[in-house]
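Structure assessment
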Amino acid sequence: MMKKLTTGWRYLKEHSRLRRFFIIGLYLVLTGGLIINYGLLNRQTAKNDDTPLNSYQSFSGDNSAQGVKLVQRQYSPTQQRLIATFEVQASTDPTTEILSQYLHFELATVVPQKPKMVVIPVTENKYVVMVDHLNQNFEAIRFRLINATPKTDQTSSSAPQADFIVTNQAKIRRAQVSALSPKAFASQTINDEISARNTSIKRQQNKIKLAKTAISADHDKIQTKRTNRKYEVASQQTQTDNDIETLTGDIEQNQQNIRSAKQRIRTLAAEQALLKKKQAAIKNGTFKLAKVTKSTQITHKN
């Protein structure tokens, strides 16, 4: 073998034109290899680009369905736990509404892992996903949300899906995330929702109080204007009548605001009751949290 290489090199030395062609060809091969490799790396990086927060993604193959967005993600390398929160867009059509039993979650990582994922449906529109045993070399993780809502007009054999990529960047890392068990974390998260509704109820009650105060003030102004009207000239009386009409309209608007606020309070109270019911069911084990113990590897084909 060495003898053949020596003979070949001697031949190239004696034929300068062939030597130049050989060097140029070798250069092109090496340069082309670098360009191709760079392109592959670029495609892999683009494949694993981080999905932006609070940006609704549509379910592929289903233009009529609600969108879904990733609103928060935090990861603790020491705890090997990632917590992500998703929100489904409120539905205006009950026939296409995505209920929690029809929203399925799948997990995939770039670096092979053995994570455990628990899905917590806090409400019909808000989901918290807890991923445990996620080593800090995971590079990127993909959440695939599948809309398995039964449809009579579905033409494709595969259900619509939306993908969310979370990359292992400094901005998602925390020294510590919640260390609670999935069950305890679900109970706490629901309790936070109940407290948020308490705050909203108080806000609506304050609106009612302010509206009642405004109505009382408008009534006093109307009474005063009616009393003073008998002492006014015709042009002044016309203006007074217009003022009374404006004040009457303001009273009607505030009365409508009170009715709307009361209706909102009833809705919030009903939501609180359902959340408390779910919280109790999680505690006593009658409500089971969806668990995923297997993950796939992110590849270009996926």
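Up top you'll find the structure we're talking about.
Below is a summary of the structure that appears in this document. (Residues numbered from 1 in each chain as written. Predicted model: local features only at pLDDT ≥ 70, side-chain atom pairs only at ≥ 80, totals over all residues. Heavy atoms only, no water.)

Here the focus is the nonpolar core. Counting 26 residues, the largest nonpolar core has Leu-82, Phe-86, Phe-105, Val-131, Ile-141, Phe-143 and Leu-145 as the members making the most contacts within it. No other element matches strand β2 (residues 81–88), which puts four residues into this core. Residues Ile-83, Ile-120, Ala-186 and Ile-194 belong to the second largest nonpolar core, which totals 14 residues. (Core = buried A, V, L, I, M, F, W, Y, C linked by side-chain atoms within 4.5 Å. Buried < 20%, exposed > 50% of the residue type's maximum accessible area, 1.4 Å probe, protein only. Helix = DSSP H or I, 4+ residues; strand = E, 2+ residues; numbered from the N terminus.)

Compared with the 75 Å implied by 1.5 Å per residue over 51 residues, the 75 Å span of helix α4 (residues 234–284) between its first and last C-alpha is a close match. Phi for Gly-285, located one or two positions after α4, is positive at around 90°. (Expected span 1.5 Å × (residues − 1).)

Next up on the list: the pairing of strand β4 (residues 116–121). With respect to burial, β4 is a largely interior element, five of its six residues being buried. In this structure, β4 lies alongside strand β5 (residues 126–132), joined through six bridges in antiparallel fashion. Each bridged residue has a counterpart across the sheet, and for Met-117 the counterpart in β5 is Val-131. With antiparallel pairing between neighbouring strands as the criterion, β4 and β5 make up a hairpin whose turn holds four residues. (Pairing = 2+ DSSP bridges.)

With that out of the way, let us pick up the pairing of β5. The side chains of a regular strand alternate, first on one face of the sheet and then on the other. A large share of β5 lies buried, amounting to six of its seven residues. In the sheet, β2 pairs with β5 via seven bridges, with the strands oriented antiparallel. When the sheet's bridge partners are listed, Phe-86 is paired in β5 with Tyr-127.

What follows deals with a positive patch on the surface. Judged by side-chain charge, Lys-116, Lys-183, Lys-288 and Lys-291 come together as a positively charged surface patch. Relative to the helices and strands, Lys-291 is located in strand β8 (residues 290–292). The exposure class of Lys-291 is exposed, given its relative accessible area of 65%. (Patch = residues over 30% accessible without salt bridge, like charges linked within 9 Å, V, L, I, M, F, W, Y side chains within 5 Å. Areas by Shrake-Rupley, 256 points an atom, 1.4 Å probe, with all protein chains shown as cover. Salt bridge = Lys/Arg side-chain N within 4 Å of Asp/Glu carboxyl O. Lys, Arg positive; Asp, Glu negative; His and termini not counted. Charge placed at Lys NZ, Arg CZ, Asp CG, Glu CD.)

With that settled, consider unusual backbone geometry. Comment: phi is negative for the bulk of residues other than glycine, and the bulk of peptide bonds are trans. A positive phi is found at Asn-54, a non-glycine position, where the angle reads about 55°. With respect to the helices, strands and loops of the structure, Asn-54 is situated in the loop between α2 (16–47) and β1 (68–76). Positive phi, normally seen in glycine, also occurs at Glu-139, with a value near 65°. Here Glu-139 shows up in the loop between β5 and β6 (140–147).

Moving on to the environment of Ala-273. Residue position: Ala-273 is located in helix α4. In this structure the C-alpha to C-alpha distance between Ala-273 and Ile-194, which are 79 residues apart in sequence, comes to 8.7 Å.

What follows concerns the environment of Asp-49. As for its position among the elements, Asp-49 is in the loop between α2 and β1. Along the sequence, Asp-49 and Phe-164 sit 115 residues apart, while their C-alpha atoms lie 9.4 Å from each other. For Asp-49, the contacting residues outside a window of four places in its chain are Ile-165 and Thr-167. (Contact = heavy atoms within 4.5 Å.)

Attention now goes to the side chain of Ser-187. The topology assignment puts Ser-187 in helix α3 (residues 182–229). On the accessibility criterion, Ser-187 (11% relative accessible area) is buried. When residues no more than four places from it in sequence are discounted, the contact partners of Ser-187 are Gln-279 and Lys-283.

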